[in-house]
Amino acid sequence: MARKKIIAGNWKMNLLPKEAWELVDGLKEGLVIKPLVEMVVLPQTGLLSLVGELLQDSVISLGAQTSSKYRNGAHTGDGSPDLLRALGCRYALSGHSERRQDHGESDLEVAEQALSQIAAGLKSIVCVGESLSEREAGSYKEKIAAQVKALYSTVPKELMGELVLAYEPIWAIGTGKTASPEQAEEVHSFIRSQIAALAGEAVANLTPLLYGGSAKADNAASLMGKPNIDGLLVGGASLKSDEFLKIYQAS
Ligand code: 13P
């Protein structure tokens, strides 16, 4: 069975309401739907209600950039995954490297976050990836294996089908330095083999694996031409409707 493709735009901490409105408008106007490719936008939390409303009559899916590892309760300032679901989110990111860096999120916390997102009815896009020094030292596979292992040891088997993984080498994020399709494919096929070992072949074969890190319209097709790259998690290039639509069309 063919895996679904996903093109997700991580808007990070960008866009004011009017800019978000214009961007969504441009996407809705220009989108030529590909039945096997889902477009997802991931606005910051404060924009979710607005963007959710704007997407009501559209096939574009909504997602959040993070959420608490708790479902709800006394956790001031955190975001409940139940609320995200109620606001119309279908996806949420977990463990983006910027969150791991800025908030010291550990592999276990990221896995707990993913679990609570799934329990709330969301699909969790869990980000993994190595730093430049880990890449240069040749220890990137160990780093990624540990991240994947924490995830599959925390999420119960019956919920593993709700996971999406995103390989985001930290050295490629916002740097203009994309991993080559061969470098990305090497890691994607490694991640799939790790999932197979931890969760079985069936789960591994069905799990979409996205690549993120300076993905753009002019490298999208070559990255997605690789057998284990099922989509892209796009930062900067998702903030312009024309560019993001080109990336979607290249899938
Ligand atoms: P850039 O596409 O801007 O490199 O960001 C990638 C990213 O972090 C997506 O989550």
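Residues numbered from 1 in each chain as written. Predicted model: local features only at pLDDT ≥ 70, side-chain atom pairs only at ≥ 80, totals over all residues. Heavy atoms only, no water.

For the protein chain, the name recorded in an unreviewed UniProt entry is Triosephosphate isomerase. Turning to the protein chain, the UniProt record has this under Catalytic activity (unreviewed entry): "D-glyceraldehyde 3-phosphate = dihydroxyacetone phosphate". (UniProt positions renumbered as here; feature names shortened; annotations may be inferred.)

## Remarks on the UniProt feature "active site" (unreviewed entry) in the protein chain
UniProt feature "active site" (unreviewed entry): in the numbering of this structure it lies at H96 and E168. In sequence the annotated residues extend across 73 residues, while in space they remain close, none of their C-alpha pairs exceeding 8.2 Å. In contact with H96, not counting residues within four places along its chain, are N10, K12, C127, E168 and I173. A relative accessible area of 6% places E168 in the buried class. In contact with E168, not counting residues within four places along its chain, are H96, C127, V128, G129, E130, I173, G212, G213 and L233. (Contact = heavy atoms within 4.5 Å. Buried < 20%, exposed > 50% of the residue type's maximum accessible area, 1.4 Å probe, protein only.)

## What about the pairing of strand β2 (residues 37-42)?
Counted residue by residue, β2 has six buried out of six residues, so it is predominantly covered. Taking every second residue as pointing to the same face, both faces of β2 are buried, with V37, M39 and V41 on one and E38, V40 and L42 on the other. Relative to β2, strand β1 (residues 5-10) is paired through six bridges, and the arrangement is parallel. For I7, the partnering residue across the bridge sits in β2 and is M39. A crossover connection joins β1 to the parallel β2 through helix α1 (residues 17-30); in handedness this β-α-β unit is right-handed. In terms of handedness, the path from β2 via helix α2 (residues 48-54) over to strand β3 (residues 61-64) forms a crossover that is right-handed. (Helix = DSSP H or I, 4+ residues; strand = E, 2+ residues; numbered from the N terminus. Pairing = 2+ DSSP bridges. Right-handed = clockwise from strand over helix to strand, strands pointing away.)

## Topic: the sheet that holds strand β5 (residues 123-128)
The eight strands are arranged β1-β2-β3-β4-β5-β6-β7-β8 in a closed barrel whose pairing can be described as parallel. Going across the sheet, the axis of each strand differs from the next one's by a mean of 25°, ignoring polarity. The sheet contact formed by β5 and strand β6 (residues 163-167) spans five bridges and is parallel. Each residue of the ladder has a partner; that of I125, found in β6, is V164. Along the sheet, helix α7 (residues 140-154) makes contact with β5 and β6, crossing β6 at roughly 165°. (Axes fitted to C-alpha atoms, helices over the stretch in contact; angles between N-to-C directions.)

## Re the site of the ligand
Taken together, 13 residues surround the ligand, and among them K12, H96, G174, S214 and G236 come closest. A distance of 2.8 Å separates an oxygen atom of the ligand from a polar atom in the backbone of S214. Contacts to the ligand include G235, whose backbone N or O atom sits 2.9 Å from an oxygen atom. Protein contacts shield 95% of the accessible area of the ligand, which totals 300 Å² for the unbound molecule. Counted by class, the shell around the ligand contains four nonpolar, seven polar and two charged residues. (Near = heavy atom within 4 Å. Polar contact = N/O pair within 3.5 Å; in protein donor to acceptor, adjacent residues only side chain to side chain. Areas by Shrake-Rupley, 256 points an atom, 1.4 Å probe, with all protein chains shown as cover. Nonpolar A, V, L, I, M, F, W, Y, C, P; charged D, E, K, R; others polar.)

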